[in-house]
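Below, each chain spelled out in residue letters.
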Amino acid sequence: MLHSPIVTAGPGSVELPRSPAPIVKANDLMFVHFERPDLERAERYLRDFGLIVVSKSDKEIYLRGTSARPYVYRITRGPQARFVGLGLSVPSLDDLQKLSGAFNRPIEAAEGPGGGSVVRLIDPEGVKVDVLHGVAPSEPLPTRSAILHNAPSQTVRVNDTQRPALEPPQVTKLGHLVLETPDFERSVRWYMDTLGFIPSDVMCLPDGTPVGAFMRLDRGDEPTDHHTLFVALGLESKVDHVAFEVVDLDAVEMGQQVLMARQYRHAWGVGRHLLGSQIFDYWRDPWGQKHEHYADGDLFDAVQPPGYHVLDRAGLYQWGPDLPDDFIDAKLTPRRLVSVLKTAMTDRPRLKKMLALKRSVSKPARPWR
C-alpha cells in the first residue's frame, strides 16, 4: 500500500492552528448515545460485539467495557435509528461553570450510572454534547493481558500453545468517533475552541485545504490516544463510526469470528490504519451503523505537532483488504442532493470542496507498485 503524500505546512498552504485559549480542556470521552426502535435487537448486537449491560429498562439500556467508566454506550428507544450525541468529561466543576456561563446553559444532575453533573451543549450541526464532571467510577473488570508472541529474538512460550477463547472480545474502552459535517471549518473550530481538542493529523485536498482532522485530548505531558474525535467534511451531518479498544490482535480477530458466526454485516478489515496505526476491524449493526474493534493505537502528548496529508483512499490504511466501495458513504441520495443544491446556491466555495472530497474518496485504491 502506498502512503498518501505529506503536505508541508508553510507559505501557500492552509494550517489548522490550535485554539490559543479554549474555554475548557476535555480530558476523557465518556459515552456515545444512539436512538433505536428495537432495544432487544440493539442489545444483542452490542453483547456480541463485546459490551456488557449495566442497567436496562423498557426505555433505555446502558452498557460498559472493562475500564472504570460506568458506561460507554447509551441506547434510548425511539421511532428511528439515529445518532443522538456523545459525552465528554472535564477535570473540575469550575470547567462546568465556565461552559455554563459561556453558553448560558444550566449545570444539571447527570442521568445514568455514575451520576455527576453535566452541562448539555449542542455543536454547530445539532449533535448533543454532554460535558460531565464528578462521575463516580465503577470497579474495573478483570481483563486478560495482551498475548505475548514468540519471535526470532525472544522466546516466551515453550511446551505451551496459543488458544484464545472463541468469545466476544473484552472491550476496554470507547476510543473515538468520527463526525461528518457539511461545514468543516465551523465544526472543527467549535470542538477546538470550546473543548480544547488539538489536531494530530490533518487531511487535505490536493490544494492544501483541510477537510478532515484527527484530534486528540489535551492532557499536557500525559500521552493520550492519537484521536478521540475525527471531524471531516461530509455531505450531511452524521456519525460515520464509533470505535472501541480491545486488548490485542487476537481479540480483534476473535471478534471477527464471533460476529461472522452471528451473521452480522462486515464493513472492512482486518487491517492497520496509517494515521493512528490501529489494527482495525469494522462491523455494521442491524441499522447499518459502523462499529470498530481496534488495538495498538498511537499515543501522543501535547507537544507532538500535527501532520498534514493529502486525502485519498490509499492513505487510510497500511495493510489489509482494499477499502470496500460502500465503506465511505458518498452517494448522492435525494436528501443529500437537496443539500448540495442549496449549497450550490449559497456557498460555491464549500460546494467545490464537497465535490473535490467526493472525487478523492471515490477513486479506487492504488495498487502496490
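Everything quoted here is computed from the prediction, not taken from an experiment. (Residues numbered from 1 in each chain as written. Predicted model: local features only at pLDDT ≥ 70, side-chain atom pairs only at ≥ 80, totals over all residues. Heavy atoms only, no water.)

Engineer: Explanation requested: the sheet that holds strand β7 (residues 117–122) in the structure shown.
Structural biologist: Remark on secondary structure: sheet strands pair via backbone hydrogen bonds, oriented parallel or antiparallel. Pairing in this open sheet of eight strands is mixed, and the strands run β2-β3-β4-β1-β5-β8-β7-β6 from one edge to the other. Two strands lie at the open edges of the sheet, namely β2 (52–56) and β6 (107–109), each paired on one side alone. Within the sheet, the average angular offset between the axes of one strand and its neighbour, ignoring direction, is 30 degrees. Bridge count between β6 and β7: three bridges; the pairing is antiparallel. Within β7, the position partnered with Glu108 by the bridge is Val118. The sheet strands contacting helix α2 (residues 93–103) are β6, β7 and β8 (128–133), and the helix crosses β7 at an angle near 35 degrees. (Pairing = 2+ DSSP bridges. Helix = DSSP H or I, 4+ residues; strand = E, 2+ residues; numbered from the N terminus. Axes fitted to C-alpha atoms, helices over the stretch in contact; angles between N-to-C directions. Contact = heavy atoms within 4.5 Å.)

Engineer: Just checking my understanding: could you explain the side chain of Thr76 for this structure?
Structural biologist: Here Thr76 shows up in strand β4 (residues 73–77). One polar contact links Thr76 to Glu60, side chain to side chain, over a distance of 2.6 Å. (Polar contact = N/O pair within 3.5 Å; in protein donor to acceptor, adjacent residues only side chain to side chain.)

Engineer: I tried to follow α2 on my own but got confused; where do I start?
Structural biologist: Residues lying three or four places apart along an α-helix face the same way, a consequence of the helix completing one turn every 3.6 residues. If you check which residues of α2 are buried, you get Asp95, Leu96, Leu99 and Ser100. Along the long axis of α2, the arc covered by the buried residues comes to 140 degrees, so they all point the same way. Turning to α2, the residues buried within the fold contact β6, β7, β8 and α3 (184–195). With its phi angle positive at about 55 degrees, Asn104 sits one or two positions after the end of α2. (Buried < 20%, exposed > 50% of the residue type's maximum accessible area, 1.4 Å probe, protein only. Arc of directions from axis to C-beta.)

Engineer: I'm lost on the nonpolar core in this one. Help?
Structural biologist: One recurring pattern in soluble globular proteins is that nonpolar side chains are buried together. Within the largest apolar cluster, 71 residues are counted, with the highest numbers of intra-cluster contacts made by Tyr73, Val129, Leu177, Tyr191 and Leu195. It is α3 that contributes the most residues to this core, six residues altogether. Here Leu195 is in contact with Val24, Lys25, Ala26, Leu88, Val129, Val131 and Trp190, once residues within four sequence places are set aside. Counting eight residues, the second-largest nonpolar core is a separate cluster that includes Phe31, Tyr71, Ala110 and Val135. (Core = buried A, V, L, I, M, F, W, Y, C linked by side-chain atoms within 4.5 Å.)

Engineer: Explanation requested: the sheet that holds strand β14 (residues 238–246) in the structure shown.
Structural biologist: If you walk across this open sheet you meet the nine strands as β15-β16-β17-β14-β9-β13-β11-β10-β19, and the pairing is mixed. Lying at the two open borders of the sheet, with one neighbouring strand each, are β15 (265–272) and β19 (307–310). Going from strand to strand, the sheet's axes swing by 20 degrees on average, the running direction of each strand aside. As judged from the four bridges shared by strand β10 (residues 198–204) and β19, these two strands associate in the parallel manner.

Engineer: Mind showing me how you'd approach the pairing of strand β16 (residues 279–284) here?
Structural biologist: Regular strands place their side chains on alternate faces of the sheet. Counting buried residues in β16 gives six out of six residues, a clear majority hidden from the surface. Burial along β16 is two-sided: the residues Ile279, Asp281 and Trp283 and Phe280, Tyr282 and Arg284 are all buried. Bridge count between β15 and β16: six bridges; the pairing is antiparallel. Directly across from Gly269, in β16, lies its bridge partner Asp281. Where β15 folds back onto β16 in an antiparallel hairpin, the turn is made up of six residues, including Gly276, whose phi is positive at roughly 105 degrees. Where β16 and strand β17 (residues 290–295) come together, six bridges link them in antiparallel fashion. Across the sheet, the residue bridging to Phe280 is Tyr294, located in β17. The antiparallel hairpin formed by β16 and β17 contains five residues in its connecting segment, where Gly288 sits at a positive phi of about 90 degrees.

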